[in-house]
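Coordinate inspection notes
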Amino acid sequence: MEGHAQETARRRTFAIISHPDAGKTTLTEKFLLYGGAVQLAGSVTARKSQRATTSDWMELERQRGISVSSTVLQFDYRGYCVNLLDTPGHKDFSEDTYRVLTAVDAAVMVIDAGKGIESQTRKLFEVCRQRGVPIFTFMNKLDRPAREPLSLLDELERVLGIAAYPVNWPLGDGAQFRGVYDRRAKLAHFFERVPGGEYRAPVSVHGLSDPVVSSQMDPDAYARTVEELEMLEGAGATFDHAAILAGQLTPVFFGSAVNNFGVQLLLDAFLDLAPSPRPRHIGSQQVSPEDPEFSGFIFKIQANMDPRHRDRLAFVRICSGRFERDMTVIHTRTGRKIRLASSHKLFARTRETVDEAYPGDVVGLVGHDDFRIGDTLATNPKLVFDEIPRFTPECFAYLQSPTTSQFKRFREGLEQLLQEGVVQSFFPTDSLSRVPLLGAVGPLQFEVVQFRLQSEYGAESRLETTPWSVIRWVIDPHADVVGLESKIPTGSRLARDAFGNLVILFPDNWACEFFVQRQPEVTLTAKPPGAPQVAPGH
């Protein structure tokens, strides 16, 4: 077991979270550059003649310059095995992003230093905090005019309610940005810009009192930096590794991902300070990564990542034991024994067969059509992880096939995308047809469904928006459907979710509140109940 413990200890599994356009995808790419995983960094905003970003694979992502799907990027650096789960940054893909956060042990939060904390950052931070995930903060875009670093720190503590310890401090900003001062090593790192940020930025290192430092900085900026650093030593948060691991203190780094300023300092410190894979809790039971029995859970399913294969990939986060290709495990939801023969390690679109993997790693499994998001794979048939939350949709629409000739392809494609959890499905109780009403956290998810139906299944579709924007689950499992239909406000609708739970769809919050006031005997909740752990058809 010594080899197992060593392999687990060197794993670092994390995600980068941010508001759209804060620089998440750029930082992802630069981590790969500094980690030696790519030789030349691409940029999301690159012209077509330049390289596309490694982590973005769907054509829609390339067209829109955004990340809408999650990929897994694994590379070795400084003796660590780094698993970087690239999450969607667009505001409409929060549901997939939230699921990915169940599979990580830490997160890097990217903040635009010119804008500060934005709405999406706050939502993602809350998900991390609820899960006790340690957070490392990167104040990005110091190459542009930025807010005062002290006010950015103050906002972190005030808005997010987390103590902040700046590991390094910016030397100027905008056109005057020269580099960062490493507070722990007491060294100033000056960076040189490289064309397009494609290569590692050359760096020179000096003590703060070295004349080279003051000569390269604007005199006012230098004086202000010295004063701020003295203030931090006297009144700032103290460094506490245990508080970082508990999610109570965030180490803060400053830099510019596009120019490669401060990226290596962030990566090195992150690997030193971030936790290795941690135990997972199932009720009162604890599953330790050192446990020799294999276990893992499926947090994502993605079809057609590679058009050459046209297959379906289930992403499994390994929690304990050692994964070996061709091993037999139990699919605990169905009780069936399954041989894991086709296993892959992924690097964006490219994949290679993986023969073994350890806790913290993510393995892609091909060829299992009955896998669902949230399923547990384990050698112990009684083990069931309850890691994947469900989220409340805010947009609802019907999707129709405009031509009968494509209907079969349309239906097969939609069924596959519903299994992936790209959108949720609901079935109005008064509808005779089994056409699902689709629910999404953001409207762009519908666009992704239509795009993938067309590109992967050759099926056109027509989107019909609906008047509903608020959904509530009815707590009483034996509720009288006929009686409820006579009580709901005009314009509202009764339906069942994919698990058979009764829901009410309201056109707006006013209608929902009106119903709650008039019908206090009907208990409603905005939080979806967990998916029942039973085999299909039971």
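Not measured: the values here are computed from a predicted model.

Before going further, it helps to examine the overall build of the chain. A tally of helices and strands in the chain yields 14 helices and 31 strands. Split into buried and exposed, the 538 residues of the chain put 56% on the buried side. Look at the contacts in the chain between residues 6 or more apart in sequence, and 71% of them connect residues 24 or more apart. As displayed, the chain offers around 22900 Å² of accessible surface, 49% of which is attributable to carbon and sulfur atoms.

A word on the environment of Val448. Mapping Val448 onto the fold places it in helix H12 (residues 444–457). On the basis of relative accessible area, Val448 is assigned to the buried category, the value being 3%.

This part covers the pairing of strand E29 (residues 493–497). Judged from the three bridges that link them, strand E25 (residues 424–428) and E29 form a sheet pairing that is antiparallel. Across the sheet, Phe426 pairs through a bridge with Asp497, a residue of E29. Relative to strand E30 (residues 502–506), E29 runs antiparallel, the two sharing four bridges. Looking at the pairing, Arg493 lines up with Leu505 of E30. Once E29 ends, the chain turns through four residues before running back antiparallel as E30, passing Gly500 with a positive phi of about 90°.

Here the focus is the pairing of strand E26 (residues 437–440). Every second residue of E26 is oriented toward a common face, with Leu437 and Gly439 on one face and Leu438 and Ala440 on the other, all of them buried. Where strand E24 (residues 395–400) and E26 come together, four bridges link them in antiparallel fashion. Across the sheet, the residue bridging to Ala397 is Leu438, located in E26. The sheet contact formed by E25 and E26 spans three bridges and is antiparallel. When the sheet's bridge partners are listed, Ser425 is paired in E26 with Leu438.

On to the side chain of Lys141. As for its position among the elements, Lys141 is in the loop between strand E5 (135–140) and helix H6 (149–159). Since its relative accessible area comes to 14%, Lys141 is described here as buried. Among residues more than four places away in sequence, those in contact with Lys141 are Asp21, Ala22, Gly23, Asp112, Gly255 and Ser256.

Turning to the sheet that holds E24, a few remarks are in order. Overall, antiparallel pairing links the eight strands, which are arranged E27-E24-E26-E25-E29-E30-E28-E31 in an open sheet. Looking at strand neighbours, the two that pair on one side only are strand E27 (462–465) and strand E31 (524–525), the edges of this open sheet. In terms of strand pairing, E24 meets E27 through four bridges, oriented antiparallel. By the bridge assignment, Tyr398 is partnered in E27 with Glu464. Those strands touched by helix H11 (residues 407–420) are E24, E25 and E26, and its axis lies near 150° from that of E24.

With that out of the way, let us pick up a nonpolar patch on the surface. Side chains of Leu187, Val203 and Val205 sit close together on the surface and give an oily, nonpolar patch of about 210 Å² of accessible area. If you trace the backbone, Leu187 turns up in strand E9 (residues 187–191). Taking the relative accessible area as the measure of exposure, Leu187 reaches 31% and is therefore partly exposed.

Taken over all residues, the pLDDT of the chain has a mean of 84, while the share at 70 or more is 86%. Counting contacts from residues 40–58, a segment whose pLDDT is below 50, to residues more than four positions away or on other chains yields 56 contacts. Per-residue pLDDT stays below 50 along residues 531–538; that stretch engages in eleven contacts with residues further than four places along the chain or on separate chains.

Glancing now at the packing of aromatic side chains. Enumeration according to the criterion identifies 15 aromatic pairs in this entry. Seen from their ring centres, Phe136 and Phe270 are 4.8 Å apart, and the 75° between their planes marks the pair as edge-to-face. Taken together, the residues Phe136 in strand E5 and Phe270 in helix H10 (residues 263–273) connect sequence positions 134 residues apart. For the pair Phe136 and Phe270, one class covers both residues: buried. Relative to Phe426, the ring of Phe396 lies with its centre 6.0 Å away and its plane at 65°, an arrangement referred to as edge-to-face. Here Phe426 lies in strand E25 and Phe396 lies in strand E24, a separation of 30 residues in the sequence. Each of the two residues, Phe396 as well as Phe426, counts as buried. Members of the aromatic cluster, connected to one another through ring pairs, are Phe14, Phe31, Phe136 and Phe270.

Okay, the pattern of salt bridges next. Applying the stated criterion across every chain, the model contains 22 salt bridges. Between Arg10 and Asp76 there is a salt bridge, and its shortest N-O distance comes to 2.8 Å. Placement of the pair is Arg10 in the loop between helix H1 (2–9) and strand E1 (11–18) and Asp76 in strand E2 (residues 71–77), with a sequence separation of 66 residues. Here Glu456 makes a salt bridge to Arg452, at a shortest N to O gap of 2.8 Å.

This part is about the side chain of Lys30. Relative to the assigned elements, Lys30 resides in helix H2 (residues 24–34). This buried residue, Lys30, is left without a salt bridge; Glu29 holds the nearest opposite charge, at 8.3 Å. At 3.0 Å, the side chain of Lys30 forms a polar contact with the backbone oxygen of Val258.

Before going further, it helps to spend a moment on the sheet that holds strand E8 (residues 179–182). Overall, antiparallel pairing links the four strands, which are arranged E7-E8-E9-E10 in an open sheet. Single-partner strands in this sheet number two, and they are strand E7 (168–171) and strand E10 (203–206). Sheet twist, expressed as the average angle between the axes of neighbouring strands with direction ignored, equals 25°.

What counts, and where the lines are drawn
Residues numbered from 1 in each chain as written. Predicted model: local features only at pLDDT ≥ 70, side-chain atom pairs only at ≥ 80, totals over all residues. Heavy atoms only, no water. Helix = DSSP H or I, 4+ residues; strand = E, 2+ residues; numbered from the N terminus. Buried < 20%, exposed > 50% of the residue type's maximum accessible area, 1.4 Å probe, protein only. Contact = heavy atoms within 4.5 Å. Areas by Shrake-Rupley, 256 points an atom, 1.4 Å probe, with all protein chains shown as cover. Pairing = 2+ DSSP bridges. Axes fitted to C-alpha atoms, helices over the stretch in contact; angles between N-to-C directions. Patch = residues over 30% accessible without salt bridge, like charges linked within 9 Å, V, L, I, M, F, W, Y side chains within 5 Å. Salt bridge = Lys/Arg side-chain N within 4 Å of Asp/Glu carboxyl O. pLDDT = per-residue confidence, 0-100. Phe/Tyr/Trp six-rings, centres within 6.5 Å; stacked < 30°, edge-to-face > 60°. Lys, Arg positive; Asp, Glu negative; His and termini not counted. Polar contact = N/O pair within 3.5 Å; in protein donor to acceptor, adjacent residues only side chain to side chain.

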